[in-house]
Amino acid sequence: ERLAFEDERRRGAQGNADATGAQTRAQAEARQKFIDDSYSNIDQQFSGYDDAFYGDFAQDYISSRLPKLDQQYDDQRRQTRFGFTDRGNEQSSAAARQFRRLAQARAEEEGNLANDAMSGAVSLRSQIEAQRAQLQNQALFASLLAKPPPVEGGTVEPGFALKNLTTAYSNWYNSQLSSGL
């Protein structure tokens, strides 16, 4: 009788352990599915931020500043030409040297402009990737708490954070345009 009771108790304990193990596995699988779905949605939301996007950003940066650089170069060239023409030295070696210096200065400014554009694109990429990582961390943390963040179709909805990032970077970009950098 006592053996039967012990046997029954062991089977009950084993059944409870099996049920607990199955429940733990199911929770782990549900958590992993939530993480996978969340990451997938985050990746989808960020899919437009590829190399072409950053290349376009850099090109737009250059294009927005190049007319001012062209105008400055044309003004300096015109002033130099008038100065040498007034003295009758437009064809002199001094004039040629001065025009060469102007061309070199312009080339340097174009190089600086390209460097600024690339720096801006790299900075933008860093900010966007940091935002992406933050959203992934939020999804991971939410899965640990079993309290998901705002969801759409069972996945993380990063739209709000993206709007904030877009607004912040738009403000930075416009400030760069207005400062003439």
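Note that this is a predicted model, so its numbers are computed, not measured. (Residues numbered from 1 in each chain as written. Predicted model: local features only at pLDDT ≥ 70, side-chain atom pairs only at ≥ 80, totals over all residues. Heavy atoms only, no water.)

Draft legend 1. View of the overall build of the protein chain. When helices and strands are tallied, the protein chain shows four helices and two strands. Traced from its N-terminal end to its C-terminal end, the protein chain shows the element sequence α-α-α-β-β-α. Per-residue burial over the protein chain gives 24% buried out of 181 residues. (Helix = DSSP H or I, 4+ residues; strand = E, 2+ residues; numbered from the N terminus. Buried < 20%, exposed > 50% of the residue type's maximum accessible area, 1.4 Å probe, protein only.)

Draft legend 2. Representation of the pattern of salt bridges within the structure. In total, this model carries seven salt bridges according to the counting rule given. The shortest N-O distance in the salt bridge between lysine 33 and aspartate 37 comes to 2.6 Å. Of this pair, lysine 33 and aspartate 37 both sit in helix α1 (residues 2–45), separated by four residues, roughly a single helical turn. Here arginine 78 ties to aspartate 75 by a salt bridge, and the two come within 3.1 Å at their closest N and O atoms. In this pair, arginine 78 and aspartate 75 are both assigned in helix α2 (residues 51–86), three residues apart and thus about one turn of the helix distant. What makes arginine 78 partly exposed here is its relative accessible area of 40%. A residue is classified by how much of its surface remains accessible, and aspartate 75, at 30% relative accessible area, is partly exposed. (Salt bridge = Lys/Arg side-chain N within 4 Å of Asp/Glu carboxyl O.)

Draft legend 3. Representation of a nonpolar patch on the surface within the structure. On the surface, a cluster of nonpolar side chains totalling about 300 Å² of accessible area is made up of Leu140, Phe141 and Leu144. Among the secondary structure elements, leucine 144 is positioned in helix α3 (residues 93–145). (Patch = residues over 30% accessible without salt bridge, like charges linked within 9 Å, V, L, I, M, F, W, Y side chains within 5 Å. Areas by Shrake-Rupley, 256 points an atom, 1.4 Å probe, with all protein chains shown as cover.)

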